[in-house]
Amino acid sequence: QVQLVESGGGLVQPGGSLRLSCAASGSIFSINVMGWYRQAPGKQRELVATITSGGTTNYADSAKGRFTISRDNGKNTVSLQLNSLKPEDTAVYYCNADVWRPGTNGYRNYWGQGTQVTVSS
């Protein structure tokens, strides 16, 4: 099996910063796209940022200029640096990855359990 475990969430004041991390573990042959999504109360889950194994990034408009996604292919980790946080960034942030497990015939999508980010004074 494959597990994605997030860490780094918490309570921060407006304008502050947080760094989220996600580690993929288990039976892994290859990881393609890794990313972060978020879900605020009463809203649908939405894309925050993604990054390919080659380092190509994609950001939601709300994240551009404030958030930075990065990954370490050797460690199967992905991180999200959150700067200039706003109250509207409050949400549960989920790690996501397309993982190819040994003995299977392609990539399968996995989700982490989520980590809470609360931006409030």
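Every value quoted in this text rests on a predicted model; they were computed, and no experiment measured them. (Residues numbered from 1 in each chain as written. Predicted model: local features only at pLDDT ≥ 70, side-chain atom pairs only at ≥ 80, totals over all residues. Heavy atoms only, no water.)

Trainee: How do you make sense of the pattern of salt bridges when you look at a structure like this?
Mentor: What the rule picks out here adds up to four salt bridges. Taking the shortest distance from any N to any O, the salt bridge between Asp89 and Arg38 comes out at 2.9 Å. A residue pair is termed long-range when its members are at least 10 positions apart, and Asp89 in the loop between strand S8 (77-82) and strand S9 (91-100) and Arg38 in strand S4 (residues 30-39) qualify at 51 residues. Looking at Arg38, the relative accessible area reads 6%, which means it is buried. Here Arg66 ties to Asp89 by a salt bridge, and the two come within 2.7 Å at their closest N and O atoms. (Salt bridge = Lys/Arg side-chain N within 4 Å of Asp/Glu carboxyl O. Helix = DSSP H or I, 4+ residues; strand = E, 2+ residues; numbered from the N terminus. Buried < 20%, exposed > 50% of the residue type's maximum accessible area, 1.4 Å probe, protein only.)

Trainee: What is the right way to look at the packing of aromatic side chains in this model?
Mentor: The way to describe two aromatic rings as a pair is by their centre distance and the angle between their planes. Using the criterion set out here, one finds four aromatic pairs in the structure. Between Phe29 and Trp100 the ring centres are 5.7 Å apart and the planes differ by 70°, which places this aromatic pair in the edge-to-face class. Here Phe29, found in the loop between strand S3 (18-26) and S4, pairs with Trp100, found in strand S9; they are 71 residues apart in sequence, far enough to count as distant. Since its relative accessible area comes to 59%, Phe29 is described here as exposed. On the basis of an interplanar angle of 70° and a centroid distance of 5.1 Å, the ring pair of Tyr37 and Trp111 is categorised as edge-to-face. One end of the pair, Tyr37, is in strand S4; the other, Trp111, is in strand S10 (residues 107-111), with 74 residues separating them in the sequence. Sitting above the plane of the Trp111 ring, Arg45 keeps its charged end 4.5 Å from the centroid. (Phe/Tyr/Trp six-rings, centres within 6.5 Å; stacked < 30°, edge-to-face > 60°. Lys NZ or Arg CZ within 6 Å of the ring centre and 35° of its normal.)

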